[in-house]
Amino acid sequence: MQQIHRFCQSGVYMALDVNSGVVHEVDHITWDILEFYKRIPNADIIAKLSNKYDVNELKEAINELDELVSDGLLYTDDSEYEFIINAPPKGAVIKSMCMHLSHDCNMRCRYCFASTGNFGGQRVLMNYETGKAALDFLIERSGSRKHLEVDFFGGEPLMNFDVMKELVAYGRELEKGSGKYIRFTLTTNGLALTEEKIKYINDNMDNIVLSIDGRPSVNDNMRKTVTNKGTHDILVPKFKELINNRHRGDYYVRGTFTKENLDFAEDVMYLVDLGFDQVSVEPVVAKDQPYGLGEEDLPRIFEQYDKLVEEYIERERNGKPFNFFHFMIDLEQGPCVAKRVLGCGAGSEYIAVTPEGDIYPCHQFVGNKDFVMGNVVRNELDTEKQALFSNCNVFTKDECRQCWARFYCSGGCAANAYLFNGRIDEPYHLYCAMEKKRIECALAIKAILGA
C-alpha cells in the first residue's frame, strides 16, 4: 500500500513517505498539490489550483513530485516488509527481561499501575535462586542473540539491593561461558539511594531510569512516602549526586503527567533546569480514575508538545541542548524493519519475571493470571501465548495497517490496548493521538534544525 502523511507543524510544511520513512520539507505550492496528487489526474489538479498559482509553476512542482515517485522517494510501497508479513513462525527467542526484584515499594504513588508495588498480590522480594533461574532461562532461550538486556524493576528494586548485586555477578559469569553480553539496567524511585548504592549503580548499570514527576507541587501530589509525605526534596539531591558521578552508560529522569498537571511542559523544563538533560514525561495510563486523561484533554496536551518544540529548538541553538524522549527520532538509521513492524516485542522477545518466577508478556500485564506464560524456576514457557504476541503487529491490526504512524509507534502498547479495549490487537486511541502529535513534533524539529 502506497501512503504519505502531509502535515504542518511549527510552521513547517512536510510530507512523510510512510513506507520508506523519507521526510520532505515542502513549499506552499507543493503542499497544496499534495492534497490532490495521486487522487485525481494532474490536469485536474492544475485546473483546481490555477486561480492561486501560475500554471507553469504548478506543472514544474508536479514534475518534481513525479520525479520523487520515480526515484523511490515518495509513494513507495510496503514490499520491503513482506518478508516479515509472510515469514513462517519463528522459534522462541527471548532477548530482554524485566526482572521484578521486589513486589514491594517504599512509596505510595496515587497513580501506581502496580497497586503500590505488590501488583495485587503479596508484598514479597525475589530470592537469589529465582533470579539465578531467570538469568539461566534468558541465556538458554536467547538463541543466537549476543546482546541481551535485564531491567531490574519493582515495586522498588533497591529494596532488594543485595540480591541485585549477586545477580549481576552471576550474570557476568554467565557471559564468560556463553559469548553473550547482558546489558543491566535499573528503574528506581530513588528513595533508597545511598552513596554506596550510587557508586555501585554507576559502576554496573548501562542505563538508569529515575522516577520524578517535575515541580515540587506536581511530584508531591502523586508521589508520596508510605507516611504520606512528599518525595521531591528527598529525591532531587540523590538524583543530582547520581548523575554528577555517572561515568558510564545512559540515564533519564522519567515523569508522568495526569489531568491534574496538563501544563506538563513546565515540568519537563523544570527538570531540565535542575540539570537533568535526559528527560521523559509520559501520559498516565489510568482507566476510570479522576486523574486519568480523556479526549477532551488533547488540545491542552498538543499545546504542551508545541511549547516543548519551541524550547527544544531555542536551547539547541543557544548551546544548551536537552533530550526529550518522545522527540528522539533517527531519520538516517532508525529501528530495523522488524522493530518497526513488531514494536517492543512484549510477550515474544521481551518478558517480565515475578519474584515467584512467573513469566508475563511485560511488566504491565503482571498480576493478570490470564497472561501467565510459564515459570523460570520450572523452565516452562507457553509458546502458544508467545506466538499470540509475536503475531500481533502493524500488519495484523486493521487500524494500524491503515495508519501513517505505524512504523514509528509499531502498533502501540499491547498492555494499554488490553486495559482499555479488552484485547491486545485494538489500539488505545488516546495514545495513538498523542503519539502522532509527538512524531510530527519530532520530524519538525529535525527539519528546522537541519539534522
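This is a predicted model, so every value here is computed, not measured.

Engineer: Teacher, can you tell me more about the overall build of the protein chain here?
Structural biologist: The helix and strand inventory of the protein chain stands at 17 helices and 14 strands. By its C-alpha atoms, the protein chain is 75 × 50 × 40 Å across when sized along the principal axes. Counting all 451 residues of the protein chain, 52% fall into the buried class. When contacts within the protein chain are restricted to residue pairs at least 6 apart in sequence, those whose partners lie at least 24 apart make up 70%. Looking at the protein chain as shown, the accessible area adds up to about 20200 Å², and 47% of this sits on carbon and sulfur atoms. Looking at the protein chain, you have 51 positive and 69 negative side-chain charges, and the mean spots of the two groups are 4 Å apart.

Engineer: How should the pairing of strand β11 (residues 350–353) be read in this particular structure?
Structural biologist: The alternating pattern of β11 places Y350 and A352 on one face and I351 and V353 on the opposite face, and all of these are buried. The sheet contact formed by strand β4 (residues 96–100) and β11 spans 4 bridges and is parallel. Bridge pairing in β11 links C98 to A352. The pairing of β11 with strand β12 (residues 358–360) spans 2 bridges and is classified as antiparallel. Opposite A352, over in β12, you have Y360 as the bridge partner. The turn linking β11 back onto β12 is made up of 4 residues, and G357 within it adopts a positive phi angle of 95°.

Engineer: Is there a simple way to explain the packing of helix α5 (residues 128–141) against helix α6 (residues 161–178) in this structure?
Structural biologist: When two helices pack together, their arrangement is given by the angle between the helix axes and by the axis-to-axis distance. α6 packs onto α5 with a crossing angle of 30° between their chain directions and a minimal axis gap of 10 Å. Looking at the two axes, α5 sits roughly parallel to α6. Relative to α6, α5 is oriented so that their crossing is right-handed. Facing Y128, G131, K132, L135, D136 and I139 of α5, the residues of α6 in contact are V163, E166, L167, Y170, G171, L174 and S178. Classifying every residue of the contact of α5 with α6 gives 7 nonpolar, 3 polar and 3 charged.

Engineer: Before we go on, may I ask you to explain the packing of aromatic side chains in this structure?
Structural biologist: The description of an aromatic ring pair uses the distance of the two centres, along with the angle that the planes make with each other. The full count for this structure, using the stated rule, is 19 aromatic pairs. Ring geometry for F161 against Y200: centres 5.5 Å apart, planes inclined by 90°, an arrangement best described as edge-to-face. Of this pair, F161 sits in helix α6 while Y200 sits in helix α7 (residues 195–204), and the two are 39 residues apart along the sequence. The pair F161 / Y200 is uniform in exposure class, with both members buried.

Engineer: Help me out: how do you make sense of the nonpolar core in this one?
Structural biologist: General note: in soluble globular proteins, nonpolar side chains tend to be found buried as a group. Formed by 101 residues in total, the largest nonpolar core has its most connected members in M99, F152, M205 and F327. Setting aside anything within four residues of it in sequence, one finds M205 in contact with F152, M164, V168, F184, T185, L186, Y200, R246 and R248. Within the second largest apolar cluster, 19 residues are counted, among which are I4, V26, L65 and L74.

Engineer: Whenever I open this one, the sheet that holds strand β1 (residues 4–9) confuses me. Can you help?
Structural biologist: In any sheet, the strands associate via hydrogen bonds between backbone groups, in a parallel or an antiparallel arrangement. The 3 strands are arranged β1-β2-β3 in an open sheet whose pairing can be described as antiparallel. Either end of the sheet is taken by a strand with one partner, and the two such strands are β1 and β3 (23–25). Each strand of the sheet is rotated relative to its neighbour by a mean of 25°, with strand direction disregarded. Judged from the 6 bridges that link them, β1 and strand β2 (residues 12–17) form a sheet pairing that is antiparallel. Bridging from a neighbouring strand, Q9 pairs with V12 of β2. Lying on the sheet, helix α17 (residues 429–449) is in contact with β1, β2 and β3; it crosses β1 at an angle near 75°.

Engineer: Quick question: what am I supposed to make of the pattern of salt bridges here?
Structural biologist: Should their charged atoms come close, side chains of opposite charge can pair. The final tally for this structure, using the stated rule, is 23 salt bridges. Measuring nitrogen to oxygen at the nearest pair gives 2.5 Å for the salt bridge that ties R172 to E175. Residue R172 and its partner E175 are located together in helix α6, separated by 3 residues, close to a single helical turn. The exposure class assigned to R172 is partly exposed, which follows from its relative accessible area of 21%. Among the residues examined, E175 registers a relative accessible area of 13% and is labelled buried. Here R423 makes a salt bridge to D425, at a shortest N to O gap of 2.6 Å.

Reading the values: the criteria
Residues numbered from 1 in each chain as written. Predicted model: local features only at pLDDT ≥ 70, side-chain atom pairs only at ≥ 80, totals over all residues. Heavy atoms only, no water. Helix = DSSP H or I, 4+ residues; strand = E, 2+ residues; numbered from the N terminus. Buried < 20%, exposed > 50% of the residue type's maximum accessible area, 1.4 Å probe, protein only. Contact = heavy atoms within 4.5 Å. Areas by Shrake-Rupley, 256 points an atom, 1.4 Å probe, with all protein chains shown as cover. Lys, Arg positive; Asp, Glu negative; His and termini not counted. Charge placed at Lys NZ, Arg CZ, Asp CG, Glu CD. Pairing = 2+ DSSP bridges. Axes fitted to C-alpha atoms, helices over the stretch in contact; angles between N-to-C directions. Parallel < 35°, antiparallel > 145°, perpendicular 65-115°, else oblique. Left-handed = near helix turned anticlockwise from the far one by under 90°. Nonpolar A, V, L, I, M, F, W, Y, C, P; charged D, E, K, R; others polar. Phe/Tyr/Trp six-rings, centres within 6.5 Å; stacked < 30°, edge-to-face > 60°. Core = buried A, V, L, I, M, F, W, Y, C linked by side-chain atoms within 4.5 Å. Salt bridge = Lys/Arg side-chain N within 4 Å of Asp/Glu carboxyl O.

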